[in-house]
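Per-entry structural report
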Amino acid sequence: AQYRKEKRSTGGNELATDPTFPFAFTGPTIPFSADQDIYALFTELALPATDRLEVQVALRYEDYGGDTGSTLDPKIAARWQAHDDWVLRASWGTSFRGPSIAQKFGRG
């Protein structure tokens, strides 16, 4: 299980937020503060099918809350000892990368 709290806060001073200040090259800075809580559960199993074949299965669930919602991502992998000197491995899975706080709340 996993819990993450992400926070972001930006702010400026009077000169940075004053658009008429002649030395504010990057434009005004708008004060901003936001956070988000992310919950996740995951599991992984290694299953020996034979002496030379091992299969792995995994599952990850993440909940970003709000409009982002949740995701469920599987993975399957196999390892086959084809010969004493040769091993073949393969895997397939999906993943999800949630939005950053700036993307989610629209502030830079």
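All of the points below concern the structure found in this document. (Residues numbered from 1 in each chain as written. Predicted model: local features only at pLDDT ≥ 70, side-chain atom pairs only at ≥ 80, totals over all residues. Heavy atoms only, no water.)

**Observations regarding the overall build of the protein**
Along the protein, the regular secondary structure elements total 2 helices and 5 strands. The burial tally for the protein puts 14% of its 108 residues in the buried class. Total accessible area computed for the protein in this model is approximately 8,300 Å², and 55% of it derives from carbon and sulfur atoms. (Helix = DSSP H or I, 4+ residues; strand = E, 2+ residues; numbered from the N terminus. Buried < 20%, exposed > 50% of the residue type's maximum accessible area, 1.4 Å probe, protein only. Areas by Shrake-Rupley, 256 points an atom, 1.4 Å probe, with all protein chains shown as cover.)

**Structural notes on the packing of aromatic side chains**
According to the stated counting rule, one finds 2 aromatic pairs in the structure shown. Both rings, one in Tyr3 and one in Tyr39, keep their centres 5.2 Å apart while their planes meet at 45 degrees; by these two values the pair is tilted. With Tyr3 in strand 1 (residues 2-10) and Tyr39 in strand 2 (residues 32-48), this residue pair connects regions lying 36 residues apart in the sequence. Between Tyr64 and Phe96 the ring centres are 5.6 Å apart and the planes differ by 70 degrees, which places this aromatic pair in the edge-to-face class. You can see Tyr64 sitting in strand 3 (residues 53-65) and its partner Phe96 sitting in the loop between strand 5 (86-93) and helix 2 (101-105), a full 32 residues away along the chain. For Tyr64, a relative accessible area of 7% puts it in the buried group. (Phe/Tyr/Trp six-rings, centres within 6.5 Å; stacked < 30°, edge-to-face > 60°.)

**Brief notes about the pairing of strand 4 (residues 69-83)**
The pairing of strand 3 with strand 4 spans 12 bridges and is antiparallel. Across the sheet, residue Arg60 finds its bridge partner in strand 4, namely Asp73. With 7 bridges joining them, strand 4 and strand 5 adopt antiparallel strand pairing. Paired with Ala77 across the strands is Ser91, a residue of strand 5. (Pairing = 2+ DSSP bridges.)

Remember that the coordinates give geometry; whether it matters functionally is a separate question.
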